[in-house]
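# Summary of structural features
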Amino acid sequence: MKRPLALLLPLLGLLAACANPGGLAPRTEALAPEQLASTRSLADAPAGAWPADSWWTAYGDPQLDRLMADALRDSPSLSLAQARLDQARAMAGLAAAANGVQVGANADGTQQRLSENYIFPPSLGGRYTSLNRAALDFSFDLDFWGRNRAALDAAVGQARAAEAEAAGARLILSSAVTRTYLQFDRLHQLHAIADSTVTQREKLQELVRLRLKAGLENQADLSQADAGISAARAERSALDVQLALVRNQLAALTGHGPDATLDLTPPALRDVAATLPSQLPADLLGRRPDVNAQRWRVEASRRETDAARADFYPNVNLNAFVGLQSIGLSNLFEGGSRMLGVGPAIHLPVFDSGRLRSRLAARNAEQDAAIAQYNAALIDALRDVADQLASWRGADTEGRDQQAALARYEDAWRLTEIRYKAGLTSYTAVLAAETPLLAQRRLSAELRTRRLDASAGLARALGGGYLPTDTSH
């Protein structure tokens, strides 16, 4: 068996020149993280560790932790990601099967008239009888050019990409739950401000009524006080609607109906500072599930290209069989009916009108596209980190200045209220002092939410605690 193969392979190699992959190659190169300058943009950030897998617990809110546990257990989006991962793993199993021996058990019997002018002796020719065969058939692809190995590597790469994408789906969900919960907190703060505004204006309205009876105010001032209460109540009602919508959104994110979040209480969130690990940007490659998924897509595409290139060379299979064969069923199981055979089967593309070259060109283009997507993912990952850090810095700096402004407006309002009660100023002055105070109170709530949201965004941008299951590649 070895001698025929040794003679045939050089000849087949010469014939393979009729269909060859010459001149076909990918055009795009993958970026290295160190090629992307980010030192100045990420400088002076507080040093810290990479986010933990349960990064949202840093906010110290047990209610958020319960919502997150529900979401990670019951959300349909994670079930979809798991189904895609299972499918990719099954495809890898199919590719692995091509590298092993294939064994099939076959049995067949055919009733037919045997030709008198063929290989059968006169005693059988022209008669009706049965042709019977029962055998085990073996086949094994010798895979001289690595096509099956490349296909298996490509399928494994796709499975690992699906694993990273499943982790990415978990990160997207946890980020969505956290950031929606932060909006829930923001609306509760604004609602509390609206409540205090209503209470404050009701007290002023009562004071205006008393001053009106004493002849110290006119009806226009009372009308203004009444309108101010109505406006504050309308704002509070609008916030009630927004809170209901956010509750419904949280219920959907956790995989439940809207009743599941009706009993949520106002959040109790701890402030979280934005920190950066020292290994950026190099380690971001393995810490972001989307970047890691694209990296595996590139590797899978490369191996698919290798498999397409191997199609230009001879495909050599080793086939064998063992079993029983007979004319007529009565003697099928006799010792003389034994059969046994083994030998190579060789397929060589000689001329295919450019089919193989077109397939390889398509694979090269797919590889270029995968590399371009990887490069874009890496660039976007660094931009994302820089954006979130800049947002947090801006909100933190603005928040410190705003707190000082809020304190001054609070003092101005209290002084104006005291002067009004003492009859030293008009109701118009009270309204003038209240307007910027309310704006600053709302701004304080908005800035706190912006700061918390940026810290959550940075945790997501840094991968949310993701680590690939296989770090050997």
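Here the structure is a predicted model, which means the values were calculated and not measured.

Let us now look at the pairing of strand E2 (residues 128-141). Every other side chain in a regular strand lies on the same face of the sheet, so the side chains alternate between the two faces. Note that strand E1 (residues 102-113) and E2 share twelve bridges and pair antiparallel. Along E2, the bridge assignment pairs Asn106 with Ala135. Direction of pairing for E2 relative to strand E3 (residues 315-327): antiparallel, over a ladder of eleven bridges. Directly across from Leu131, in E3, lies its bridge partner Ile327.

Of all hydrophobic cores here, the largest spans 37 residues; its most connected members are Tyr59, Leu64 and Val177. Contributing elements (two or more residues each) for this core: helix H2 (62-74), helix H3 (76-97), helix H4 (147-213), helix H5 (219-253) and helix H9 (427-461). Among the elements that make up this core, the one with the highest residue count is H4 (14 residues). For Leu64, the contacting residues outside a window of four places in its chain are Trp56, Tyr59, Val177, Thr178, Tyr181 and Leu269. Of all hydrophobic cores here, the second largest spans 24 residues; its members include Val298, Ala370, Tyr374 and Leu389.

Turning our attention to the packing of H4 against helix H7 (residues 289-310). Where H4 meets H7, the closest approach of the two axes is 8 Å, and the angle between their N-to-C directions is 165 degrees. In terms of axis orientation, H4 runs roughly antiparallel to H7. Considering only the axes of H4 and H7, their crossing is left-handed. A per-class count over the contact of H4 with H7 returns 14 nonpolar, four polar and nine charged.

Before going further, it helps to spend a moment on H3. With 22 residues, H3 should cover 32 Å at 1.5 Å per step; its first-to-last C-alpha distance of 32 Å lies within 8% of that length. Buried within H3 we find Leu78, Ala81, Leu85, Ala88, Ala92 and Ala95. Projected down its long axis, H3 carries its buried residues within an arc of 95 degrees, all on one side. Projecting away from the buried face of H3 at angles above 90 degrees are the exposed residues Pro76, Gln87 and Leu94. On the buried face of H3, the contacting elements are H2 and H4.

Glancing now at H2. End to end, H2 covers 18 Å across 13 residues, agreeing with the expected 18 Å (1.5 Å per residue, within 8%). One side-chain oxygen at the N-terminal end of H2 lies 2.9 Å from the backbone nitrogen of Gln63; it belongs to Asp61.

Rules of the game
Residues numbered from 1 in each chain as written. Predicted model: local features only at pLDDT ≥ 70, side-chain atom pairs only at ≥ 80, totals over all residues. Heavy atoms only, no water. Pairing = 2+ DSSP bridges. Helix = DSSP H or I, 4+ residues; strand = E, 2+ residues; numbered from the N terminus. Core = buried A, V, L, I, M, F, W, Y, C linked by side-chain atoms within 4.5 Å. Buried < 20%, exposed > 50% of the residue type's maximum accessible area, 1.4 Å probe, protein only. Contact = heavy atoms within 4.5 Å. Axes fitted to C-alpha atoms, helices over the stretch in contact; angles between N-to-C directions. Parallel < 35°, antiparallel > 145°, perpendicular 65-115°, else oblique. Left-handed = near helix turned anticlockwise from the far one by under 90°. Nonpolar A, V, L, I, M, F, W, Y, C, P; charged D, E, K, R; others polar. Expected span 1.5 Å × (residues − 1). Arc of directions from axis to C-beta. Polar contact = N/O pair within 3.5 Å; in protein donor to acceptor, adjacent residues only side chain to side chain.

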